[in-house]
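Coordinate analysis (summary)
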Amino acid sequence: NADAAMYRAKEFGRDNFQFYAPEFNIRTQEKFVLQEELRNGLAHSEFTLLYQPQVDLRSGRIFAVEALIRWKHPMRGMVAPDAFIPTAEETGLIVPIGDWVLHEACRQNKEWQDAGLPPMTVCVNVSARQFREKNLIGRVVDALSASGLEARYLEVEVTESLIMQDIDVAVATMNALQNLGVQISIDDFGTGYSSLSALKTFPVARLKIDKSFINDLATDENDQAVASAVISLGQKLNLRVIAEGVETDDQVAFLRENNCDEMQGYHFSKPISAQDIEKLLGGPKD
Ligand code: C2E
Ligand code: MG
Ligand code: MG
Ligand code: MG
């Protein structure tokens, strides 16, 4: 609230209030409010997960879904992650929120399996702060044992830039996850700058080509070059490659011609509710 913001301004700026641009104070206040609302939202179960299918480009089979968080805010309606994940990350609230995501995604996947759906992997995004938590491994073990989900049906998505912040620590954590049997993929691949020599030491199963390279894939020669380079890199390093943000027939045709393994995007399905996943995969029950 305003008082707290003013207090902090005083604390940091002493009496030099003019040191802060007015918009800085507004943004700071908004962050305080958002932080309180996030905490409240967590306590009142306002978060939910949507799931976006990932499809094998050769067989057409749905082999995985990515869990994507949404916030059902009582006043603001459905809030997209880009509007609150950065603040959750800054304030550390991403840790309890991320725990909830892990538990809910594992629980839901086990429920689908128990209902007789074909077994799928559930992919969960893990952000930098969460990944650096000392007991991340313990938290993942908790989510698996609470749900009864086998580790091989959980995949953790980390970004290239997260890994590059501290390669040694990241590789150690990824190895520990792999030893549990959890799969790992690199999200938004191509937007960071992992060295190719480091890449081959990462215990990852998949690369996700960032959707910024997929958007104009039909027409932009640079994007075509990047996409096909990532695909052949994956083939050479024995990693599966998935394209994200696939929306059009032309993009699918390019990916097929270039032997991309998998795709995810509005072309096949937007992120949908758990019930809709069940309808999509389960067919009518008697
Ligand atoms: P991401 O992991 O790269 O997820 C892909 C984003 O692209 C999702 O946005 C998805 O809805 C969107 N998308 C998928 N297909 C298409 C398409 O064909 N066209 C377009 N235009 N967009 C498509 P969303 O759900 O808004 O999530 C945004 C980001 O928020 C995610 O990017 C991820 O970094 C983060 N995020 C989402 N859920 C979680 C979570 O549970 N924990 C953490 N730490 N981060 C999350
Ligand atoms: Mg992702
Ligand atoms: Mg991505
Ligand atoms: Mg992204």
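Definitions and limits used
- Residues numbered from 1 in each chain as written.
- Chains lettered and ligands numbered in written order.
- Predicted model: local features only at pLDDT ≥ 70, side-chain atom pairs only at ≥ 80, totals over all residues.
- Heavy atoms only, no water.
- Helix = DSSP H or I, 4+ residues; strand = E, 2+ residues; numbered from the N terminus.
- Contact = heavy atoms within 4.5 Å.
- Donors = N, O, S within 2.8 Å, 3.2 Å for Na, K, Ca; no water.
- Buried < 20%, exposed > 50% of the residue type's maximum accessible area, 1.4 Å probe, protein only.
- Core = buried A, V, L, I, M, F, W, Y, C linked by side-chain atoms within 4.5 Å.
- Near = heavy atom within 4 Å.
- Polar contact = N/O pair within 3.5 Å; in protein donor to acceptor, adjacent residues only side chain to side chain.
- Areas by Shrake-Rupley, 256 points an atom, 1.4 Å probe, with all protein chains shown as cover.
- 1 Å grid on protein atoms, 1.4 Å probe; cavity = no way out; pocket = protein on both sides within 12 Å on 5 of 7 lines; lining within 4 Å.
- Points joined across faces, edges and corners; volume = space filled by probe spheres on them.
- Nonpolar A, V, L, I, M, F, W, Y, C, P; charged D, E, K, R; others polar.

Some thoughts on the environment of Tyr266
With respect to the helices and strands, the residue Tyr266 is situated in the loop between β9 (262–264) and α12 (274–282). The spatial distance from the C-alpha of Tyr266 to the C-alpha of Val169 is 35 Å, given a sequence separation of 97 residues. For Tyr266, the residues in contact, after removing those within four places along its chain, are Gln52, Val246, Glu247 and Pro271.

A word on the coordination of the magnesium ion (ligand 3)
Distances from the magnesium ion (ligand 3) to its protein donors, Asp187 (OD), Asp188 (OD), Glu244 (OE) and Glu244 (OE), fall at 2.1 to 2.4 Å. A separation of 4.1 Å is found between the magnesium ion (ligand 3) and the magnesium ion (ligand 2), which are bridged by Asp187. Of this pair, Asp188 sits in strand β6 (residues 183–189) while Glu244 sits in strand β8 (residues 240–244), and the two are 56 residues apart along the sequence. Glu244 gets classed as buried once you look at its relative accessible area, which sits at 8%.

A look at the nonpolar core
In terms of nonpolar packing, the biggest core is built from 77 residues, with Leu38, Tyr51, Phe131, Leu154 and Phe202 touching the most fellow members. At eight residues, the largest contribution of residues to this core is made by helix α4 (residues 94–114). The contacts of Phe131, once residues within four sequence positions are left out, are Val126, Leu136, Val158, Leu162, Ala170, Thr173, Met174 and Leu177.

Considerations on the site of ligand 1
Near ligand 1 you find 23 residues, and of these Arg70, Asn125, Asp187, Glu247 and Tyr266 are the closest. Note that a nitrogen atom of ligand 1 is positioned 3.1 Å from one of the side-chain N or O atoms of Gln52. Here Asn125 contributes a side-chain N or O atom positioned 2.8 Å from an oxygen atom of ligand 1. Out of a free accessible area of 800 Å², ligand 1 has 85% covered by protein chains.

Some thoughts on the layout of surface pockets
Its volume calculated, the largest pocket comes out at about 1,100 Å³. In terms of lining, the largest pocket is formed by 40 residues, of which the most central are Glu66, Leu68, Pro81, Asp82 and Asn125. Breaking the lining of the largest pocket down by element, the ones donating at least two residues are β1 (47–56), β2 (62–73), α3 (85–91), α4, α5 (128–132), β5 (154–159), α7 (160–165) and β6. Looking at which element gives the most residues to the lining of the largest pocket, the answer is β2, with five residues. Residue composition of the lining of the largest pocket, grouped by class: 17 nonpolar, 12 polar and 11 charged.

Observations regarding empty space enclosed by the protein
Tallied over the full model, the rule gives two cavities of 30 Å³ or more. Its volume calculated, the largest cavity comes out at about 60 Å³. In this structure, the largest cavity is lined by Phe131, Arg132, Leu162, Gln165, Asp166, Val169, Ala170 and Thr173. For the lining of the largest cavity, the element with the most residues is helix α8 (residues 167–180), which contributes three residues. Its residues assigned to classes, the lining of the largest cavity comprises four nonpolar, two polar and two charged. Considered as a void within the structure, the second largest cavity measures approximately 30 Å³ in volume. In this structure, the second largest cavity is lined by Val95, Asp99, Leu102, Gln130, Glu133, Leu136 and Arg139. Secondary-structure elements contributing two or more residues to the lining of the second largest cavity are α4 and α6 (136–147). The element contributing the most residues to the lining of the second largest cavity is α4, with three residues.

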